[in-house]
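# Analysis of the macromolecular model
This is what each chain is made of:
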Amino acid sequence: MKQFVVIGLGSFGISLAKTLYEMGNDVLVIDEDEELVQAMNGLVTHAVRADATDENVLKSLGVKNFDVAIVAIGKNMESSIMVTMLVKELGVKYVIAKAHNELHARVLYKVGADRVVMPEKDMGIRVARNVFSSNLIDLIEFSKEYSIAEILPIEEWFGKTLKEINVREKYGLNVVAVKKFNDEIIVSPGPDYVINEGDVLAVCGKNTDIKRFEIKT
């Protein structure tokens, strides 16, 4: 389980935070709007009304202990830049920030963002599943060398068959099952199975191969 802090509760931040929480992660959300914060109670681990541009507030919330900070502040570009800088200075290893345009994105990178996204308002769920370096959802080690894991397919796999992707030869993994977006389970999918966005793959392989799908923080 990873720990995420999402700062800013616009449409993007809300859908992103909810999806990350539904995926089994620990999620703290921060916003100045009391109504928005109250609406998130029960949908994430913690929801706090606070001014994220105040360094002391971020310190008191223990933001430095989170694995990933996502700055999803809406229209206030100045606040977006300041918060991105603060969370990075506080020691968050991986910072993702939302930008409105290319200039904003360049500034965010300058002040410490590790990744900048420019999604439409309704793209939070897709970003939650695809924006990170990680496609690894869960992992069970059954020896020091081998594990079985659930992973999300990378984008370049979409629309291709298992044979075309050549998962075993290229990635050292065996696909033992697929859970489709409608929760249908396909056990031992054949080489002609076509990977679609929303699929979850159960794979078996060496720990070193599987862990290539982890977040690079």
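Residues numbered from 1 in each chain as written. Predicted model: local features only at pLDDT ≥ 70, side-chain atom pairs only at ≥ 80, totals over all residues. Heavy atoms only, no water.

## Topic: the nonpolar core
Heads up, the rule is: Only buried residues count toward a nonpolar core. Its members are Ala, Val, Leu, Ile, Met, Phe, Trp, Tyr and Cys residues joined through side-chain atoms within 4.5 Å. The classification of residues rests on relative accessible area computed with a 1.4 Å probe and restricted to protein chains. Under 20% of the type maximum is buried, over 50% is exposed, and intermediate values are partly exposed. Strands here mean DSSP runs of E at least two residues long; helices mean DSSP runs of H or I at least four residues long; both are numbered from the N terminus.
In this structure, Val5, Ile7, Ile30, Leu58 and Val87 are the most contacted members of the largest nonpolar core, which totals 25 residues. Contributing elements (two or more residues each) for this core: strand S1 (3–7), strand S2 (26–31), helix H3 (55–60), strand S4 (68–71), helix H4 (77–89), strand S5 (94–98) and helix H5 (102–110). By residue number, the principal contributor to this core is H4, which donates three residues. Among the nonpolar cores identified, the runner-up in size contains 19 residues, and Phe12, Leu20, Val27 and Ile96 belong to it.

## Focus: the environment of valine 176
To keep it simple, the criterion reads: Should any heavy atoms of two residues lie within 4.5 Å, those residues are considered in contact.
Locating valine 176 in the fold gives a position in strand S9 (residues 173–179). In this structure the C-alpha to C-alpha distance between valine 176 and proline 189, which are 13 residues apart in sequence, comes to 7.0 Å. Contact partners of valine 176, with chain neighbours within four places excluded, come to Ile148, Ile186, Val187, Ser188, Pro189, Ala202, Val203 and Cys204.

## Side note on the confidence of the model for the protein
Put simply, the rule reads: On a range of 0 to 100, pLDDT expresses the predictor's confidence in each residue.
Of all residues in the protein, 86% attain a pLDDT of 70 or more, and the chain-wide mean is 84. Predicted confidence is poor over residues 120–127, with pLDDT under 50, and the contacts of this stretch with residues over four places away or in other chains come to 14 contacts. Contacts from residues 129–133, a stretch scored under 50 in pLDDT, to residues over four places away or in other chains number 23 contacts.

## A closer look at the packing of aromatic side chains
Quick note on the threshold: For Phe, Tyr and Trp, rings pair up if their centres lie within 6.5 Å, where Trp contributes its six-membered ring, and each pair is then called stacked (planes under 30 degrees apart), edge-to-face (over 60) or tilted (otherwise).
Summed over the entire model, instances satisfying the criterion amount to one aromatic pair. Ring geometry for tryptophan 157 against tyrosine 171: centres 5.1 Å apart, planes inclined by 70 degrees, an arrangement best described as edge-to-face. Taken together, the residues span a long stretch of sequence, with tryptophan 157 in the loop between strand S8 (146–151) and helix H7 (162–165) and tyrosine 171 in helix H8 (residues 167–171) at a distance of 14 residues. Tyrosine 171 gets classed as buried once you look at its relative accessible area, which sits at 12%.

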